[in-house]
Amino acid sequence: MHELSLADEVLGIADEAAAAAGAWEVLRVRVGVGWLLQVERQSLAFYLEALRRDYPRLRDTVFELEEEAVRVRCRACGEETAQAGWGFACGACGSRDIEVVAGDLLEVRDMEVRTDDV
Amino acid sequence: MCETHAEQHQHRHVEVHRHAMEANDQVAARLRRGFAARGILVLNLISAPGSGKTALLERTLEQLSPLRVSVLVGDVETERDAERLRHCGVPVAQIVTAGTCHLEAGMVESHLAEVDQRELDLLIVENVGNLVCPSGFDLGEDAKVVLVSTTEGEDKPLKYPAIFHRAELALVTKADLAPHLDFDREALLQNIQAVHPGMEVLEVSARTGLGLDLWLDWIRAKVGEKQSLHV
């Protein structure tokens, strides 16, 4: 159910960015869904649909939800490697001393908008 | 001017790169700075409903003296947990989320006024009973503590890995019931390590007091660490 809060934030960010760009309509928004967040994409899509009526610019927007895999950086050997499951470890040297550098965010990446300027 | 040309001018690509948690994270960072300035340790307790968070807290609060402790309790409805904990003689503020399945940093911030931070060593946040949603919301805490009871089954860490990944300590609660259940202790411990290699685990029982001394020691050591940074 945290998808409700997240959908609201995504819409707010997209609308704010559209306003800043002088857009009156947002055609497409690309959203990166970090695997670590355990976000149910169908549920997120449902809430985006339900809540966007409050945002006139987003009425017909297509939201592309792209899953983002987890990547970790190793503190021992410095390598950055993708992770396939839980129990994260460096893919190069096997060290458990790692930090997550991707896959833990829900990111509004970019969007296509329609503006008045010709 | 041809039509397609005009159309191209009206379409714009906008780079955004902002994330949905940023508003929460900003408040959490502000809270963390405030807690650090006062040397207050903050623990965020997360578990499924019915795993025994409140019962464990009752026993914990009775024995933490002379540490000065306050509790923020999150529930979807009612003040029942706060009422239970007030009997332990510490200041307790209830956060009723009215439907929201997790606590957010803003809710903690708006209820902090109910807690006197000037005279505080430890703030315990009892999150809404839920193993999924609270895990991604930073509340400005020093550590998340995840509770899993022996009655819940040994596969919980595999089913809800995010919280076991993010938490620093796992408490296996209702440990006194283990002999009466088809509970595979080794499997639970293995599953925890599979998700979070090296995770610290303590087995406790609020009912019999089993393992409580280790949990209290863990808290006291953390408080000491935080205060040594503060001074």
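Residues numbered from 1 in each chain as written. Chains lettered and ligands numbered in written order. Predicted model: local features only at pLDDT ≥ 70, side-chain atom pairs only at ≥ 80, totals over all residues. Heavy atoms only, no water.

### Describing the overall build of chain A
Next, step 1: Across its full length, chain A holds two helices and six strands.
Next, step 2: Secondary structure elements of chain A, listed N to C terminal, follow the sequence α-β-α-β-β-β-β-β.
Next, step 3: A compact globule built from 118 residues should have a C-alpha radius of gyration of about 13 Å, whereas chain A, at 17 Å, is more than 25% larger.
Next, step 4: C-alpha extents for chain A along the principal axes are approximately 55 × 35 × 15 Å. (Helix = DSSP H or I, 4+ residues; strand = E, 2+ residues; numbered from the N terminus. Rg over C-alpha atoms; globule rule 2.2 N^0.38 Å.)

### Digging into empty space enclosed by the protein
Next, step 1: Counted according to the given criterion, the structure contains one cavity of 30 Å³ or more.
Next, step 2: Volume-wise, the largest cavity comes out at about 40 Å³.
Next, step 3: Residues of the lining of the largest cavity, tallied by class, amount to five nonpolar, three polar and one charged. (1 Å grid on protein atoms, 1.4 Å probe; cavity = no way out; pocket = protein on both sides within 12 Å on 5 of 7 lines; lining within 4 Å. Points joined across faces, edges and corners; volume = space filled by probe spheres on them. Nonpolar A, V, L, I, M, F, W, Y, C, P; charged D, E, K, R; others polar.)

### A few points about the sheet that holds strand 2 (residues 41-47) of chain B
All names here are of chain B.
Next, step 1: As summarised here, the arrangement of the seven strands in space is 4-3-5-2-6-7-8, forming an open sheet in which the pairing is parallel. The sheet terminates laterally at strand 4 (92-96) and strand 8 (200-203), the two strands that pair on one side only. The sheet shows a mean angle of 20° between the axes of neighbouring strands, taken without regard to direction.
Next, step 2: Sheet topology note: the strand 2/strand 6 (residues 143-149) ladder contains five bridges and is parallel. In the sheet register, Asn44 faces strand 6, and the bridge partner there is Lys144.
Next, step 3: Taken strand by strand, helix 9 (residues 212-230) contacts strand 2, strand 5 (122-126), strand 6, strand 7 (169-173) and strand 8, and its axis lies near 140° from that of strand 2. (Pairing = 2+ DSSP bridges. Axes fitted to C-alpha atoms, helices over the stretch in contact; angles between N-to-C directions. Contact = heavy atoms within 4.5 Å.)

### As for the pairing of strand 3 (residues 71-74) of chain A
All names here are of chain A.
Next, step 1: Only one face of strand 3 is buried: it carries Val72 and Cys74, and the other face, with Arg71 and Arg73, is open.
Next, step 2: Of the strand pairs in this sheet, strand 3 and strand 4 (residues 80-82) are connected by three bridges, and their pairing is antiparallel. Pairing of Arg73 across the sheet is with Glu80, part of strand 4.
Next, step 3: Linking two consecutive strands that pair antiparallel, namely strand 3 and strand 4, is a turn of five residues; a positive phi of about 85° is found at Gly78 within it.
Next, step 4: The pairing of strand 3 with strand 5 (residues 98-102) spans four bridges and is classified as antiparallel. Note on strand 5: the bridge partner recorded for Arg71 is Ala102. (Buried < 20%, exposed > 50% of the residue type's maximum accessible area, 1.4 Å probe, protein only.)

### Things to note about the confidence of the model for chain A
Next, step 1: Confidence in the prediction for chain A averages 94 pLDDT; 97% of positions are at 70 or higher.
Next, step 2: The least confident element of chain A is strand 5 of chain A, whose mean pLDDT is 94; the most confident is strand 4 of chain A, at 97. (pLDDT = per-residue confidence, 0-100.)

### Things to note about the environment of Val132(B)
Next, step 1: Turning to its location among the elements, Val132(B) is positioned in the loop between strand 5 and strand 6.
Next, step 2: Taking the C-alpha atoms as reference, Val132(B) lies 22 Å from Glu203(B); in sequence the two are 71 residues apart.
Next, step 3: The residues touching Val132(B), leaving out its near neighbours within four places in the chain, are His2(A), Gln38(A) and Tyr160(B).

### Quick notes on the pairing of strand 6 (residues 106-115) of chain A
A regular strand places its side chains so that they alternate between the two faces of the sheet.
Next, step 1: Across the ten residues of strand 6 of chain A, eight count as buried, placing the element largely inside the fold.
Next, step 2: Relative to strand 6 of chain A, strand 1 (residues 23-34) of chain A runs antiparallel, the two sharing nine bridges. Note on strand 6 of chain A: the bridge partner recorded for Val31(A) is Val108(A).
Next, step 3: Both strand 6 of chain A and strand 1 (residues 11-19) of chain B contribute to a ladder of seven bridges, which runs antiparallel. From the neighbouring strand, Asp110(A) faces strand 1 of chain B, where its bridge partner is Glu15(B).

### Quick look at the packing of aromatic side chains
Next, step 1: Counting across every chain of the model gives four aromatic pairs over all chains.
Next, step 2: Ring geometry for Phe46(A) and Tyr47(A): centres 5.3 Å apart, planes at 70°, overall edge-to-face.
Next, step 3: When the ring of Trp215(B) is compared with that of Trp218(B), the centres are 6.0 Å apart and the planes differ by 20°; the resulting orientation is stacked. Highlighted residues: Trp215(B) and Trp218(B), both in helix 9, separated by three residues, approximately one helical turn. (Phe/Tyr/Trp six-rings, centres within 6.5 Å; stacked < 30°, edge-to-face > 60°.)

### Quick look at the nonpolar core
Next, step 1: Grouped together as the largest cluster of nonpolar side chains are 33 residues, with contacts concentrated most on Leu44(A), Leu106(A) and Met111(A).
Next, step 2: Sorting the residues of this core by element identifies helix 1 (2-20), strand 1, helix 2 (41-51), strand 2 (62-68) and strand 6 of chain A together with strand 1 of chain B as the ones contributing at least two each.
Next, step 3: A total of eight residues in this core trace back to one element, the largest contributor, which is helix 1 of chain A.
Next, step 4: With residues up to four places along the chain from it excluded, the contact list for Leu106(A) reads Leu6(A), Val10(A), Val31(A), Gly32(A), Val33(A), Leu37(A), Leu44(A), Arg18(B), His19(B) and Ala20(B).
Next, step 5: Counting 30 residues, the second-largest nonpolar core is a separate cluster that includes Val90(B), Val204(B), Leu212(B) and Trp218(B). (Core = buried A, V, L, I, M, F, W, Y, C linked by side-chain atoms within 4.5 Å.)

### Regarding the side chain of Asn127(B)
All names here are of chain B.
Next, step 1: The topology assignment puts Asn127 in the loop between strand 5 and strand 6.
Next, step 2: In terms of polar contacts, Asn127 uses its side chain to reach the backbone amide nitrogen of Leu103, at 3.1 Å.
Next, step 3: Look past the residues within four positions of Asn127 in its chain and what remains in contact with it is Asn44, Leu45, Ile46, Lys53, Gly74, His102, Leu103, Pro134 and Leu139. (Polar contact = N/O pair within 3.5 Å; in protein donor to acceptor, adjacent residues only side chain to side chain.)

### Points about the packing of helix 1 of chain A against helix 2 of chain A
Residue and element names in this part refer to chain A.
Next, step 1: Where helix 1 meets helix 2, the closest approach of the two axes is 8 Å, and the angle between their N-to-C directions is 55°. The orientation of helix 1 relative to helix 2 falls into the category oblique. In terms of crossing hand, the pair formed by helix 1 and helix 2 is right-handed. Packed against helix 1, whose contacting residues are Glu3, Leu4, Leu6, Ala7, Asp8, Val10 and Leu11, the element helix 2 presents Ser43, Leu44, Tyr47, Leu48 and Leu51 at the interface.
Next, step 2: Residue classes in the contact of helix 1 with helix 2 are distributed as nine nonpolar, one polar and two charged. (Parallel < 35°, antiparallel > 145°, perpendicular 65-115°, else oblique. Left-handed = near helix turned anticlockwise from the far one by under 90°.)

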